[in-house]
Amino acid sequence: NLAVTRWREDATCDGWGTFCYLRDTVTGALWSSAYQPTRRPAKKYEAIFVQGRAEYRRRDEDIDAHTEIAVSPEDDIEVRRVTLTNLTSQTRTLELTSYAEVVIAPLNADLAHPAFSNLFVQTEILRDSQAILCTRRSREPGKKQPWMFHLMTTQGAPAGDVSYETDRGRFIGRCRSVANPAAFDEVGPLSNTDGAVLDPIVAIRQGLVIESDASANWHIISGMAETRAAALALIAKYREPSF
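Because the structure is a prediction, the values reported are computed rather than measured.

A. Main features of helix α4 (residues 228-238). Within α4, the full set of buried residues consists of Ala231, Leu234, Ile235 and Tyr238. With its buried residues spanning 100° around the axis, α4 presents them on a single face.

B. Examining the environment of Arg57 more closely. Relative to the assigned elements, Arg57 resides in strand β5 (residues 53-60). Judged by relative accessible area, Arg57 falls into the partly exposed class, the value being 32%. Note: C-alpha distance between Arg57 and Glu46 (11 residues apart in sequence) is 5.1 Å. Excluding residues that lie within four positions of it along the chain, Arg57 makes contacts with Lys44, Tyr45, Glu46, Ile48, Ala65 and His66.

C. Main features of the pattern of salt bridges. Following the criterion strictly, the structure yields 19 salt bridges and no others. Residue Arg40 pairs with Glu61 through a salt bridge whose shortest N-O separation is 2.5 Å. Linking Arg40 in the loop between β3 (30-32) and β4 (44-50) with Glu61 in the loop between β5 and β6 (63-71), this pair joins segments that are 21 residues apart in sequence. The salt bridge partner of Asp64 is Arg59, with a shortest N-O separation of 3.7 Å. Residue classification places Arg59 among the partly exposed residues on the basis of a relative accessible area of 27%. When salt bridges with common partners are traced through the structure, they connect Arg6, Arg8, Glu101, Asp110, Arg168 and Asp199 into a single cluster.

D. Expanded view of the state of the cysteines. For the structure shown, the criterion picks out zero disulfides. A disulfide-free cysteine, Cys20 has its sulfur positioned 16 Å from the sulfur of Cys134, the nearest such atom. For the unlinked cysteine Cys175, the closest cysteine sulfur is that of Cys13, found at 18 Å. Given a relative accessible area of 78%, Cys175 falls into the exposed group.

What counts as what
- Residues numbered from 1 in each chain as written.
- Predicted model: local features only at pLDDT ≥ 70, side-chain atom pairs only at ≥ 80, totals over all residues.
- Heavy atoms only, no water.
- Buried < 20%, exposed > 50% of the residue type's maximum accessible area, 1.4 Å probe, protein only.
- Helix = DSSP H or I, 4+ residues; strand = E, 2+ residues; numbered from the N terminus.
- Arc of directions from axis to C-beta.
- Contact = heavy atoms within 4.5 Å.
- Salt bridge = Lys/Arg side-chain N within 4 Å of Asp/Glu carboxyl O.
- Disulfide = S-S within 2.5 Å.

By themselves, these figures tell us nothing about what the structure is for.
Next up, the structure:
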C-alpha cells in the first residue's frame, strides 16, 4: 500500500510518471523515449501494449528508439530497456537520463501533504553499482522502513562518467517543468547531490557512443526491498548482463 514514485491520474496533461530523456551531445537535440515528458512530435511513433509489457517505438534525429517496460514476476522490480539504433552514416554520441520523483509513502499521505512528506526521504548514491538508494526516516521509534533503489546498466561504448541527481530543484530549475528541465541547459554531468534533499528524485545519466547502423542498450531498473541488505542484493543481481 505504498506509492513508490509520484503519479497522478491526469486525463488532460498525463504528464506524471517515470521518464527517460534522450539527448545528442553534439547537436544538443533533446527528446524523450516516449511522448512524455518533452511532448516532442516524432517522425514515427508507435505504442504497443501486450500481456506482460508495454513498448514504445519512435524515430527522431535519425535515431530509432525502442523502449520496453515490464515488471518482474519474481522480484519487486520494474525494468525499462531502451535500445537506440543509429540510422545515419556517422558515429553519434547519445546520452540517456532517467527521472522519477520518490514517494515511498501511502498515496493518501502524499496527496495530502507532498511537501511535508518529501522532508523525510533520504537518498544515497552508490557509484560502484551505478545506483541510487532511497529510504524514509521513520517518524515512529522501532518502525522499519522499506528501501527503494534505482539502477542503470548499459551495453555499449561509454562516453563519459555516470552522473546522478536526487534533488528535484537542481534538476528542474526555478519556474521550469519536466518538459524543459534545467539539467539540460548545458552538456555535462549531473550535480551528484544526495542526502536529505528537500524534494527527492532519482535521476541517472550515462552517454554511449553508437557507430553507424549499430545499437546500444540502457536498462533502468527500479525496485523495492524490506531492508537495505535486500536492496543491495537485488542491485547486485540485476547488474549482471545475463539477467
